[in-house]
Amino acid sequence: MLVASVFGLGRIHVSLLPKTTQFFSSKPHPVSQLRASVTNKRTRKSLQLQQHEIPDFALARARSNELVHSGEAPVNWEKVLQGIRQMRSSADEHEPLAREETSHNTVPPKERRFAVLASSLLSSQTKEHVTHGATQRLQENGLLTAEAMNKADEETIKKLIYPVGFYTRKASYLKKVADICLMKYDGDIPSSIQELLLLPGVGPKIAHLVMICGWNNVQGICVDTHVHRICNRLGWVSRSGSKQKTSTPEETRQRLQLWLPREEWVPINPLLVGFGRSICTPLRPHCGECSVSSFCPSAYKEVSSFSSKSKKLTLNKKP
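These numbers come from a predicted model, not from an experiment.

## Looking at the nonpolar core
Then comes step 1: Counting 33 residues, the largest nonpolar core has Phe114, Leu117, Leu138, Ile161 and Val202 as the members making the most contacts within it.
Then comes step 2: Where this core is concerned, the elements lending two or more residues are α4 (109-123), α5 (128-140), α6 (146-151), α7 (154-161), α8 (167-185), α9 (193-196) and α10 (204-215).
Then comes step 3: A total of six residues in this core trace back to one element, the largest contributor, which is α4.
Then comes step 4: With near-sequence residues (within four places) excluded, Val202 lies in contact with Leu117, Leu121, Leu196, Leu197 and Ala207.
Then comes step 5: Within the second largest apolar cluster, 29 residues are counted, among which are Trp77, Leu81, Leu234 and Val273.

In C-alpha cells form, the structure reads like this:
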C-alpha cells in the first residue's frame, strides 16, 4: 500500500574601518583629545551598563536580527535547531513531513508519482490522518492513477475524499490534473517546479513537496504555516529591505533559502511542523516548556499579549 501524507549557507562577514588619514599634523589636537577621552569614558560606561543589565541571550537576539536583515545566517541557529531536535526526540512522535511508505515495491514509478501528487494536493489545509484516510480510500477503489482518476465520476471522488478541506474543489482539481497528466505527460506527472505550478490546485509548497517525494529532487524548502510562523518568531526571516516579518510562506521560503544550508532543506519541515504542533503553537505558545526560548526574540511576548487582551475584555464587561 502506498501512502503519501503531509508533511543558502550564510557566513558572517566582519569589516574593519580603515585608519583615518591625518592631513595637517601627526599630533592630535588637545580639544580632539578631550572629546575622545569623554567619548571613550561614556562608551565604556554604556557598555558596562549594557553588560550588567542585558543578559547574553538578549544581545544574541539583537545580533541575530541584524544578520537576518542583512541576509546572513542568524546567530545560534544551529543551537536552536539542535535544541528543537532534542525536544522532538523526547516527544517520540512521528515526523509529519510528506513521505512515501510502501509495503511492496511493486508499484510502477509512474503510478507512485501520481499518487504522491494526488495525496499532496489533498493534504493542503487538512490534518494528516484525514489525508491518509482519503488517500487510502482512493487506492482501495483503484483511483490512484491518472487514467483511472480521469475516467472516474467527480461525485464519486468527492465521496471518497470527504472530509478533506475543500473536498469539492479538490475533486475538481484531481480530475483536471489527471487529464493534463494523460494529455501532456503520458500518465506521469511534471518533473519541474515550473510545470507543477501550472497544475490546478498546486502552489509552491505542494510543488516542492512533490519534487522531493515524487522525483527525489530537492529544489527548495517545503514551507507551510508552521514553518512560516516559527521562522518569523525566531527572527530567522524578514521582508526584503526591511525588518518586518515575511507575509507569506512563499516569501519565508525565499528568505530562508538565502542562508539555510541545503542539507537542512528537507528535514527543516518535519522538525518545525512537529515543534509547531506541540510547543510553538499558533495561539499561546508554550514558551515555558521550550528549551530554546532564550534565543527567541518572541519568547513569552505572545502569551502576555493574549493575557492582556483577555484582561481588557473582562474589565470591559458589565457586572
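Let us keep going from here.
## Concerning the pattern of salt bridges
Then comes step 1: Here the structure, examined in full by the defined rule, presents eight salt bridges.
Then comes step 2: Between Lys158 and Glu155 there is a salt bridge; the shortest N-O distance is 3.0 Å. Placement of both Lys158 and Glu155 in helix α7 is noted, with a separation of three residues, approximately one turn of the helix.
Then comes step 3: Salt-bridge contacts for Arg253 lead to Glu250; the nearest nitrogen and oxygen are separated by 2.6 Å. Taken together, the residues span about one helical turn, with Arg253 and Glu250 both in helix α12 (residues 249-256) at a distance of three residues.
Then comes step 4: Its relative accessible area of 12% is what places Arg253 among the buried residues.
Then comes step 5: Glu250 gets classed as partly exposed once you look at its relative accessible area, which sits at 24%.

## Thoughts on the side chain of Thr281
Then comes step 1: Within the fold, Thr281 resides in the loop between α13 (268-278) and α14 (301-316).
Then comes step 2: For Thr281, the side chain forms a polar contact with the main-chain oxygen of Arg284, separated by 3.4 Å.
Then comes step 3: In this structure, Thr281 is in contact with Arg229, Arg233, Gly276 and His286, ignoring residues within four places of it in sequence.

## Here's the deal with the packing of aromatic side chains
Centre distance and the angle of the planes are the two values used to describe a pair of aromatic rings.
Then comes step 1: All chains considered together, the criterion is met by three aromatic pairs.
Then comes step 2: Ring centres of Trp77 and Trp259 lie 5.6 Å apart, and the angle between their planes is 65°; this geometry places the pair in the edge-to-face category. In this pair, Trp77 sits in helix α3 (residues 77-91) while Trp259 sits in the loop between α12 and α13, placing the two residues 182 residues apart along the sequence.
Then comes step 3: What makes Trp77 buried here is its relative accessible area of 10%.
Then comes step 4: The buried category is assigned to Trp259, whose relative accessible area is 2%.
Then comes step 5: An angle of 85° between the planes, with centres 4.9 Å apart, marks the rings of Tyr162 and Tyr167 as edge-to-face.
Then comes step 6: Tyr162 gets classed as partly exposed once you look at its relative accessible area, which sits at 48%.
Then comes step 7: Exposure remark for Tyr167: the relative accessible area of 29% places this residue in the partly exposed category.
Then comes step 8: A cation over an aromatic ring shows up here: Arg113 above the ring of Trp215, its NZ or CZ 4.1 Å from the ring centre.

## Some remarks on empty space enclosed by the protein
Then comes step 1: One number sums up the size of the largest cavity: a volume of about 150 Å³.
Then comes step 2: Around the largest cavity, the lining is made up of 15 residues, and of these Phe275, Cys280, Cys287, Cys290 and Cys296 lie nearest the centre.
Then comes step 3: Taken together, the residues that form the lining of the largest cavity break down as 11 nonpolar, three polar and one charged.

## Let's talk about α3
Then comes step 1: A rise of 1.5 Å per residue sets the reference length of α3, with its 15 residues, at 21 Å; its end C-alpha atoms lie 21 Å apart and thus fit the reference within 8%.
Then comes step 2: Looking at α3, one finds that the buried residues are Trp77, Val80, Leu81, Gly83, Ile84, Met87 and Arg88. Projected down its long axis, α3 shows its buried positions confined to an angular sector of 160°, all on one face. For α3, the exposed residues set more than 90 degrees away from the buried face come down to Glu78, Lys79, Gln86, Ser89 and Ser90.

## Details of unusual backbone geometry
Comment: phi is negative for the bulk of residues other than glycine, and the bulk of peptide bonds are trans.
Then comes step 1: Of the consecutive residues Tyr162 and Pro163, the connecting peptide bond is found in the cis state with omega at 10°.
Then comes step 2: In this fold, Pro163 is placed in the loop between α7 and α8.
Then comes step 3: Here Arg284, not a glycine, exhibits a phi torsion of approximately 50°, which is positive.
Then comes step 4: Among the secondary structure elements, Arg284 is positioned in the loop between α13 and α14.
Then comes step 5: We classify Arg284 as partly exposed; its relative accessible area is 45%.

Conventions and cut-offs
- Residues numbered from 1 in each chain as written.
- Predicted model: local features only at pLDDT ≥ 70, side-chain atom pairs only at ≥ 80, totals over all residues.
- Heavy atoms only, no water.
- Core = buried A, V, L, I, M, F, W, Y, C linked by side-chain atoms within 4.5 Å.
- Buried < 20%, exposed > 50% of the residue type's maximum accessible area, 1.4 Å probe, protein only.
- Helix = DSSP H or I, 4+ residues; strand = E, 2+ residues; numbered from the N terminus.
- Contact = heavy atoms within 4.5 Å.
- Salt bridge = Lys/Arg side-chain N within 4 Å of Asp/Glu carboxyl O.
- Polar contact = N/O pair within 3.5 Å; in protein donor to acceptor, adjacent residues only side chain to side chain.
- Phe/Tyr/Trp six-rings, centres within 6.5 Å; stacked < 30°, edge-to-face > 60°.
- Lys NZ or Arg CZ within 6 Å of the ring centre and 35° of its normal.
- 1 Å grid on protein atoms, 1.4 Å probe; cavity = no way out; pocket = protein on both sides within 12 Å on 5 of 7 lines; lining within 4 Å.
- Points joined across faces, edges and corners; volume = space filled by probe spheres on them.
- Nonpolar A, V, L, I, M, F, W, Y, C, P; charged D, E, K, R; others polar.
- Expected span 1.5 Å × (residues − 1).
- Arc of directions from axis to C-beta.

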